[in-house]
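This is what each chain is made of:
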Amino acid sequence: MTYIIRLQTTGKTFAAEPEETLLQAAQRHNIDIPYGCQNGACGSCICDLISGSIAYPEGPPRALSSKTTFSQPVVICKAVATDNISLHPREILGTQPPKIKTLPCRVYSMQRLSPDVMQIKLTLPQSESFDFRAGQYIEFLLKDGRKRAFSIANAPHDDRFIELHIRHVDGGSFTGHVFDEMKDKAMMRIEGPLGTFFLREESDRPLLLVGGGTGFAPLKAIIEHAIHRGIERSIHLFWGANTPQDLYLPELPEHWTKTLPEFQYSPVVTDTGANWSGATGLVTHAVTNCYDDLSPFDIYMSGAPAMVEAATPLFAEQGALANHMFSDAFEFASDVLEKIRTRKP
(Lines give C-alpha, C1' and ligand atoms only; values in the text may rest on other atoms or scores of the structure.)
Protein backbone atom coordinates (compact mmCIF):
# COMPACT_ATOMS: atom_id res chain seq x y z
CA MET A 1 0.00 0.00 0.00
CA THR A 2 1.17 3.52 -0.76
CA TYR A 3 -0.10 6.75 0.74
CA ILE A 4 -0.67 10.07 -1.00
CA ILE A 5 1.05 13.08 0.54
CA ARG A 6 -0.25 16.53 -0.35
CA LEU A 7 1.63 19.76 0.31
CA GLN A 8 -0.82 22.51 1.12
CA THR A 9 1.66 25.27 0.24
CA THR A 10 2.08 24.23 -3.40
CA GLY A 11 -0.66 21.70 -4.09
CA LYS A 12 1.97 19.14 -5.10
CA THR A 13 1.33 15.49 -4.29
CA PHE A 14 3.60 12.46 -4.11
CA ALA A 15 3.39 8.83 -3.01
CA ALA A 16 5.04 7.44 0.12
CA GLU A 17 5.68 3.80 0.86
CA PRO A 18 4.88 2.56 4.40
CA GLU A 19 8.55 1.87 5.21
CA GLU A 20 10.05 5.16 3.99
CA THR A 21 10.10 8.47 5.81
CA LEU A 22 8.16 11.38 4.41
CA LEU A 23 11.44 13.13 3.62
CA GLN A 24 12.76 10.11 1.72
CA ALA A 25 9.54 9.95 -0.27
CA ALA A 26 9.68 13.66 -1.09
CA GLN A 27 13.30 13.41 -2.23
CA ARG A 28 12.51 10.34 -4.34
CA HIS A 29 9.98 12.48 -6.22
CA ASN A 30 12.31 15.52 -6.41
CA ILE A 31 10.10 17.52 -4.06
CA ASP A 32 12.18 20.20 -2.30
CA ILE A 33 11.17 20.44 1.39
CA PRO A 34 13.37 22.10 4.05
CA TYR A 35 15.50 19.65 6.03
CA GLY A 36 18.76 19.59 7.93
CA CYS A 37 20.37 16.87 10.05
CA GLN A 38 18.11 13.99 8.85
CA ASN A 39 18.20 12.40 12.33
CA GLY A 40 15.29 14.17 14.01
CA ALA A 41 17.32 16.60 16.09
CA CYS A 42 17.46 19.99 14.41
CA GLY A 43 13.78 20.62 13.62
CA SER A 44 14.49 22.13 10.19
CA CYS A 45 12.07 19.72 8.52
CA ILE A 46 9.11 20.21 10.87
CA CYS A 47 5.81 20.62 9.03
CA ASP A 48 2.25 21.13 10.22
CA LEU A 49 0.03 18.05 9.90
CA ILE A 50 -3.24 19.28 8.41
CA SER A 51 -4.98 15.91 8.04
CA GLY A 52 -4.23 12.19 8.15
CA SER A 53 -1.94 10.29 10.48
CA ILE A 54 1.76 9.45 10.85
CA ALA A 55 3.99 7.31 13.06
CA TYR A 56 7.58 7.32 14.31
CA PRO A 57 8.95 3.76 14.04
CA GLU A 58 12.09 4.73 16.01
CA GLY A 59 10.18 6.64 18.68
CA PRO A 60 9.44 10.36 19.02
CA PRO A 61 12.35 12.41 17.58
CA ARG A 62 14.25 14.90 19.69
CA ALA A 63 12.97 17.92 17.75
CA LEU A 64 9.43 17.34 19.09
CA SER A 65 10.63 18.36 22.56
CA SER A 66 11.35 21.89 21.32
CA LYS A 67 8.76 24.65 21.33
CA THR A 68 7.48 25.32 17.83
CA THR A 69 4.92 27.57 16.21
CA PHE A 70 3.28 24.57 14.53
CA SER A 71 -0.05 23.32 15.91
CA GLN A 72 0.54 19.67 14.94
CA PRO A 73 4.29 19.38 14.27
CA VAL A 74 5.60 16.49 12.20
CA VAL A 75 9.33 15.78 11.95
CA ILE A 76 9.30 14.45 8.40
CA CYS A 77 12.84 13.01 8.40
CA LYS A 78 11.63 10.43 10.95
CA ALA A 79 7.87 10.20 10.31
CA VAL A 80 6.17 7.59 8.11
CA ALA A 81 2.66 7.88 6.77
CA THR A 82 -0.06 5.59 8.12
CA ASP A 83 -2.78 7.25 6.02
CA ASN A 84 -3.12 9.75 3.21
CA ILE A 85 -1.97 13.03 4.70
CA SER A 86 -1.83 16.75 4.03
CA LEU A 87 1.18 18.77 5.21
CA HIS A 88 1.97 22.46 5.45
CA PRO A 89 5.76 22.76 5.09
CA ARG A 90 7.80 25.89 4.75
CA GLU A 91 8.10 26.50 1.04
CA ILE A 92 11.45 26.71 -0.70
CA LEU A 93 11.49 29.23 -3.51
CA GLY A 94 14.03 29.57 -6.29
CA THR A 95 15.73 27.07 -8.55
CA GLN A 96 15.68 23.30 -8.43
CA PRO A 97 18.00 21.81 -5.79
CA PRO A 98 21.45 20.68 -6.91
CA LYS A 99 21.75 17.00 -7.76
CA ILE A 100 22.98 14.82 -4.90
CA LYS A 101 26.03 12.81 -5.93
CA THR A 102 28.34 10.19 -4.47
CA LEU A 103 31.92 11.01 -5.42
CA PRO A 104 35.50 10.13 -4.52
CA CYS A 105 37.61 12.94 -3.13
CA ARG A 106 41.19 13.53 -2.10
CA VAL A 107 42.50 15.50 0.89
CA TYR A 108 44.42 18.42 -0.62
CA SER A 109 45.48 20.16 2.58
CA MET A 110 44.97 20.18 6.35
CA GLN A 111 45.52 23.12 8.69
CA ARG A 112 44.74 23.53 12.39
CA LEU A 113 42.71 26.69 12.89
CA SER A 114 42.65 26.20 16.67
CA PRO A 115 43.70 23.37 19.02
CA ASP A 116 40.49 21.47 18.28
CA VAL A 117 39.41 22.73 14.83
CA MET A 118 40.94 21.42 11.61
CA GLN A 119 40.43 23.01 8.20
CA ILE A 120 40.38 20.38 5.47
CA LYS A 121 40.31 21.13 1.76
CA LEU A 122 39.11 18.38 -0.57
CA THR A 123 39.51 18.03 -4.32
CA LEU A 124 37.08 16.16 -6.58
CA PRO A 125 37.68 14.42 -9.92
CA GLN A 126 38.15 17.01 -12.67
CA SER A 127 35.60 15.18 -14.78
CA GLU A 128 32.86 15.72 -12.18
CA SER A 129 30.88 18.89 -11.51
CA PHE A 130 29.67 19.51 -7.98
CA ASP A 131 26.96 22.16 -7.69
CA PHE A 132 25.87 23.26 -4.23
CA ARG A 133 24.20 26.12 -2.40
CA ALA A 134 26.10 28.21 0.14
CA GLY A 135 25.37 26.70 3.56
CA GLN A 136 24.76 23.09 2.52
CA TYR A 137 26.73 20.12 3.83
CA ILE A 138 28.32 16.86 2.69
CA GLU A 139 28.60 13.45 4.31
CA PHE A 140 31.71 11.28 4.39
CA LEU A 141 30.78 7.68 3.57
CA LEU A 142 32.94 5.48 5.78
CA LYS A 143 33.94 1.93 4.93
CA ASP A 144 31.84 0.40 7.72
CA GLY A 145 28.66 2.09 6.45
CA ARG A 146 28.68 4.98 8.91
CA LYS A 147 28.33 8.58 7.75
CA ARG A 148 29.77 11.81 9.09
CA ALA A 149 28.29 15.18 8.11
CA PHE A 150 30.14 18.50 7.83
CA SER A 151 29.10 21.88 6.45
CA ILE A 152 30.78 23.28 3.37
CA ALA A 153 32.66 26.42 4.42
CA ASN A 154 33.30 27.91 0.98
CA ALA A 155 30.91 29.61 -1.42
CA PRO A 156 29.85 27.92 -4.69
CA HIS A 157 31.81 30.32 -6.90
CA ASP A 158 35.05 29.43 -5.07
CA ASP A 159 34.86 25.76 -5.97
CA ARG A 160 38.44 24.69 -6.54
CA PHE A 161 38.19 22.91 -3.18
CA ILE A 162 35.52 21.80 -0.75
CA GLU A 163 36.48 23.45 2.53
CA LEU A 164 35.42 21.93 5.86
CA HIS A 165 35.96 22.99 9.48
CA ILE A 166 36.09 19.83 11.62
CA ARG A 167 36.08 20.05 15.41
CA HIS A 168 37.68 17.25 17.40
CA VAL A 169 35.07 15.38 19.45
CA ASP A 170 36.12 13.30 22.45
CA GLY A 171 34.97 9.76 21.72
CA GLY A 172 34.58 10.47 18.01
CA SER A 173 36.51 7.86 16.04
CA PHE A 174 36.30 9.82 12.79
CA THR A 175 37.41 13.17 14.17
CA GLY A 176 40.13 11.33 16.10
CA HIS A 177 41.28 9.86 12.79
CA VAL A 178 41.25 13.31 11.18
CA PHE A 179 43.43 14.84 13.90
CA ASP A 180 45.76 11.93 14.59
CA GLU A 181 46.06 9.88 11.41
CA MET A 182 44.70 11.56 8.28
CA LYS A 183 47.32 12.81 5.82
CA ASP A 184 47.35 14.90 2.67
CA LYS A 185 46.30 12.94 -0.43
CA ALA A 186 44.12 10.55 1.58
CA MET A 187 41.21 9.22 -0.49
CA MET A 188 37.63 9.39 0.79
CA ARG A 189 34.07 9.13 -0.54
CA ILE A 190 31.45 11.81 -0.02
CA GLU A 191 27.77 12.33 -0.72
CA GLY A 192 26.20 15.71 -1.28
CA PRO A 193 25.24 18.41 -1.36
CA LEU A 194 22.67 17.95 1.38
CA GLY A 195 20.38 20.14 3.46
CA THR A 196 18.21 23.18 2.86
CA PHE A 197 20.20 25.61 4.98
CA PHE A 198 21.15 28.16 2.36
CA LEU A 199 20.69 31.86 1.62
CA ARG A 200 17.22 32.77 0.33
CA GLU A 201 18.35 35.25 -2.30
CA GLU A 202 14.83 36.28 -3.31
CA SER A 203 14.37 38.01 0.07
CA ASP A 204 15.34 41.64 0.65
CA ARG A 205 15.18 41.42 4.44
CA PRO A 206 18.24 42.19 6.61
CA LEU A 207 20.23 39.16 7.75
CA LEU A 208 21.04 37.96 11.25
CA LEU A 209 23.56 35.10 11.21
CA VAL A 210 23.96 33.30 14.55
CA GLY A 211 26.71 30.70 14.87
CA GLY A 212 28.16 28.61 17.66
CA GLY A 213 31.65 27.09 17.35
CA THR A 214 32.15 25.50 13.93
CA GLY A 215 28.65 26.69 13.07
CA PHE A 216 30.70 29.55 11.64
CA ALA A 217 31.52 27.36 8.61
CA PRO A 218 28.20 27.52 6.68
CA LEU A 219 27.72 31.16 7.72
CA LYS A 220 31.13 31.95 6.21
CA ALA A 221 29.95 30.37 2.96
CA ILE A 222 26.72 32.39 3.02
CA ILE A 223 28.57 35.68 3.63
CA GLU A 224 31.11 35.02 0.88
CA HIS A 225 28.30 34.06 -1.50
CA ALA A 226 26.40 37.25 -0.68
CA ILE A 227 29.54 39.30 -1.36
CA HIS A 228 30.14 37.52 -4.67
CA ARG A 229 26.53 38.04 -5.77
CA GLY A 230 26.61 41.72 -4.86
CA ILE A 231 23.73 41.31 -2.41
CA GLU A 232 23.34 44.61 -0.56
CA ARG A 233 21.27 43.48 2.42
CA SER A 234 22.68 44.36 5.83
CA ILE A 235 24.38 41.44 7.61
CA HIS A 236 24.96 41.09 11.34
CA LEU A 237 27.06 38.07 12.35
CA PHE A 238 26.91 36.83 15.95
CA TRP A 239 29.54 34.16 16.66
CA GLY A 240 29.64 32.42 20.02
CA ALA A 241 32.41 30.23 21.43
CA ASN A 242 33.76 29.02 24.77
CA THR A 243 36.95 31.09 24.68
CA PRO A 244 38.45 33.78 22.42
CA GLN A 245 40.83 31.14 21.07
CA ASP A 246 37.83 29.20 19.75
CA LEU A 247 36.92 32.10 17.46
CA TYR A 248 39.23 30.76 14.78
CA LEU A 249 39.91 32.73 11.57
CA PRO A 250 39.34 36.03 13.43
CA GLU A 251 40.78 38.00 10.53
CA LEU A 252 37.83 37.13 8.28
CA PRO A 253 35.03 38.89 10.22
CA GLU A 254 37.38 41.82 10.82
CA HIS A 255 38.03 42.03 7.07
CA TRP A 256 34.31 41.93 6.29
CA THR A 257 33.71 44.68 8.85
CA LYS A 258 36.24 46.95 7.14
CA THR A 259 35.18 46.25 3.55
CA LEU A 260 31.38 45.84 3.74
CA PRO A 261 29.45 48.97 4.74
CA GLU A 262 26.40 46.99 5.86
CA PHE A 263 28.24 44.32 7.88
CA GLN A 264 28.43 44.05 11.68
CA TYR A 265 30.27 41.47 13.75
CA SER A 266 29.51 40.54 17.38
CA PRO A 267 31.78 37.84 18.89
CA VAL A 268 30.65 36.35 22.21
CA VAL A 269 32.44 33.99 24.62
CA THR A 270 31.01 31.99 27.52
CA ASP A 271 34.23 31.72 29.55
CA THR A 272 34.01 34.77 31.79
CA GLY A 273 37.48 34.05 33.14
CA ALA A 274 39.12 34.52 29.77
CA ASN A 275 41.25 37.53 28.94
CA TRP A 276 38.46 39.07 26.93
CA SER A 277 37.03 42.58 26.79
CA GLY A 278 34.12 41.75 24.49
CA ALA A 279 30.65 40.35 25.09
CA THR A 280 30.25 37.31 27.34
CA GLY A 281 27.42 34.86 27.91
CA LEU A 282 25.20 33.02 25.46
CA VAL A 283 25.27 34.11 21.84
CA THR A 284 21.48 33.81 21.63
CA HIS A 285 21.09 36.34 24.46
CA ALA A 286 23.52 38.66 22.71
CA VAL A 287 21.07 38.75 19.80
CA THR A 288 18.03 39.54 21.94
CA ASN A 289 19.99 42.12 23.93
CA CYS A 290 20.89 43.86 20.69
CA TYR A 291 17.47 43.79 19.00
CA ASP A 292 14.12 44.34 20.71
CA ASP A 293 12.17 43.42 17.57
CA LEU A 294 13.34 40.54 15.38
CA SER A 295 10.37 40.56 13.01
CA PRO A 296 12.17 42.39 10.15
CA PHE A 297 14.99 39.84 9.87
CA ASP A 298 15.85 36.63 8.08
CA ILE A 299 17.66 34.65 10.79
CA TYR A 300 20.13 31.85 10.06
CA MET A 301 21.25 29.74 13.04
CA SER A 302 24.05 27.21 12.90
CA GLY A 303 25.68 25.22 15.70
CA ALA A 304 24.87 22.74 18.44
CA PRO A 305 21.25 21.50 18.63
CA ALA A 306 20.93 22.94 22.15
CA MET A 307 21.69 26.41 20.81
CA VAL A 308 19.19 26.09 17.96
CA GLU A 309 16.53 24.62 20.26
CA ALA A 310 16.96 27.47 22.74
CA ALA A 311 17.14 30.17 20.07
CA THR A 312 13.96 29.32 18.18
CA PRO A 313 11.39 30.08 20.94
CA LEU A 314 13.57 32.87 22.37
CA PHE A 315 13.70 34.68 19.04
CA ALA A 316 10.01 34.03 18.39
CA GLU A 317 9.16 35.77 21.67
CA GLN A 318 10.87 38.87 20.28
CA GLY A 319 8.97 38.82 17.01
CA ALA A 320 11.00 36.50 14.78
CA LEU A 321 8.77 34.86 12.17
CA ALA A 322 8.84 31.08 11.74
CA ASN A 323 9.07 31.30 7.95
CA HIS A 324 12.11 33.55 8.28
CA MET A 325 14.15 31.41 10.69
CA PHE A 326 16.49 28.81 9.20
CA SER A 327 18.69 26.42 11.13
CA ASP A 328 21.48 23.90 10.78
CA ALA A 329 22.05 21.91 13.97
CA PHE A 330 25.35 20.05 14.32
CA GLU A 331 24.18 16.81 15.94
CA PHE A 332 26.62 14.06 16.95
CA ALA A 333 26.29 10.77 15.10
CA SER A 334 24.35 8.15 17.08
CA ASP A 335 27.38 5.93 17.74
CA VAL A 336 29.37 8.91 19.07
CA LEU A 337 26.47 9.89 21.32
CA GLU A 338 26.39 6.37 22.72
CA LYS A 339 30.12 6.51 23.53
CA ILE A 340 29.66 9.85 25.27
CA ARG A 341 26.70 8.60 27.33
CA THR A 342 28.48 5.43 28.47
CA ARG A 343 31.91 6.96 29.10
CA LYS A 344 33.06 6.46 32.66
CA PRO A 345 33.92 9.62 34.65
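Keep in mind the model is a prediction, meaning the values are calculated, not measured. (Residues numbered from 1 in each chain as written. Predicted model: local features only at pLDDT ≥ 70, side-chain atom pairs only at ≥ 80, totals over all residues. Heavy atoms only, no water.)

### Quick look at the overall build of the chain
And then number 1: Helix and strand content of the chain: seven helices and 19 strands.
And then number 2: By the compact-globule yardstick of 20 Å for 345 residues, the chain fits well, its C-alpha radius of gyration being 20 Å.
And then number 3: Expressed along its principal axes, the backbone C-alpha trace of the chain runs to roughly 60 × 50 × 50 Å.
And then number 4: Taken across its 345 residues, the chain has 50% of its residues classed as buried.
And then number 5: Across the chain, every contact between residues at least 6 apart in sequence was considered, and the portion connecting residues at least 24 apart equals 70%.
And then number 6: Surface accessibility of the chain: about 16300 Å² in total, with carbon and sulfur atoms responsible for 49%.
And then number 7: Positive and negative side-chain charges in the chain, numbering 32 and 40 respectively, have mean positions lying 6 Å apart. (Helix = DSSP H or I, 4+ residues; strand = E, 2+ residues; numbered from the N terminus. Rg over C-alpha atoms; globule rule 2.2 N^0.38 Å. Buried < 20%, exposed > 50% of the residue type's maximum accessible area, 1.4 Å probe, protein only. Contact = heavy atoms within 4.5 Å. Areas by Shrake-Rupley, 256 points an atom, 1.4 Å probe, with all protein chains shown as cover. Lys, Arg positive; Asp, Glu negative; His and termini not counted. Charge placed at Lys NZ, Arg CZ, Asp CG, Glu CD.)

### Digging into the sheet that holds strand 11 (residues 147–151)
And then number 1: Strand order in the open sheet formed by six strands is 11-10-13-8-9-12, with antiparallel pairing between adjacent strands. Bordering the open sheet on either side are strand 11 and strand 12 (162–167), each of which pairs with just one other strand. With direction set aside, neighbouring strand axes in the sheet form an average angle of 40 degrees.
And then number 2: Pairing analysis gives three bridges linking strand 10 (residues 137–141) to strand 13 (residues 187–194), with the strands arranged antiparallel. Within the sheet, the bridge partner assigned to Phe 140 lies in strand 13 and is Ile 190.
And then number 3: Contacts from helix 2 (residues 173–180) reach strand 8 (101–114), strand 9 (117–123), strand 10, strand 11, strand 12 and strand 13 within the one sheet, and its direction differs from that of strand 12 by about 110 degrees.
And then number 4: Contacts from helix 3 (residues 216–229) reach strand 11 and strand 12, with the element oriented near 155 degrees to strand 12. (Pairing = 2+ DSSP bridges. Axes fitted to C-alpha atoms, helices over the stretch in contact; angles between N-to-C directions.)

### Quick word on the pairing of strand 9
And then number 1: Across the seven residues that make up strand 9, a large majority, five, are buried.
And then number 2: Bridge analysis of strand 8 against strand 9 gives seven bridges, and the strand direction is antiparallel. Of the residues in strand 9, the one forming a bridge with Ser 109 is Lys 121.
And then number 3: Between strand 8 and strand 9, which pair antiparallel one after the other, the connecting turn spans two residues.
And then number 4: Where strand 9 lies against strand 12, six bridges are found, and the strand directions are antiparallel. Each residue of the ladder has a partner; that of Leu 122, found in strand 12, is Ile 162.

### With respect to the sheet that holds strand 2 (residues 13–16)
And then number 1: Strand order across the open sheet formed by five strands is 2-1-7-3-5, with mixed pairing between neighbours. The strands lining the two open edges of the sheet, one partner per strand, are strand 2 and strand 5 (73–75). The average undirected angle you get between the axes of adjacent strands in this sheet is 40 degrees.
And then number 2: Pairing geometry for strand 3 (residues 46–51) and strand 7 (residues 85–88), over three bridges, is antiparallel. Its bridge partner being in strand 7, Ser 51 is matched across the sheet by Ser 86.

### With respect to helix 3
And then number 1: Over its 14 residues, helix 3 runs 20 Å from end to end, which matches the ideal 20 Å to within 8%, given 1.5 Å per residue.
And then number 2: Of all the positions in helix 3, only Phe 216, Ala 217, Pro 218, Leu 219, Lys 220, Ala 221, Ile 222, Ile 223, Glu 224, His 225 and Ala 226 are classed as buried.
And then number 3: Directly beyond the C-terminal end of helix 3, a positive phi value near 70 degrees is found at Gly 230. (Expected span 1.5 Å × (residues − 1).)

### Side note on the packing of aromatic side chains
And then number 1: Applying the stated rule across the entire model yields 14 aromatic pairs.
And then number 2: Centroid distance Phe 130 to Phe 132: 5.9 Å. Interplanar angle 40 degrees. Geometry classified as tilted.
And then number 3: With a relative accessible area of 10%, Phe 130 lands in the buried category.
And then number 4: Ring centres of Phe 150 and Phe 174 lie 5.9 Å apart, and the angle between their planes is 35 degrees; on these two criteria the pair is classed as tilted. Within this pair, whereas Phe 150 is found in strand 11, its partner Phe 174 is found in helix 2, the two being separated by 24 residues in sequence. Like Phe 174, Phe 150 is buried.
And then number 5: Lying across the ring of Phe 198, Arg 200 places its NZ or CZ 4.1 Å from the centre. (Phe/Tyr/Trp six-rings, centres within 6.5 Å; stacked < 30°, edge-to-face > 60°. Lys NZ or Arg CZ within 6 Å of the ring centre and 35° of its normal.)

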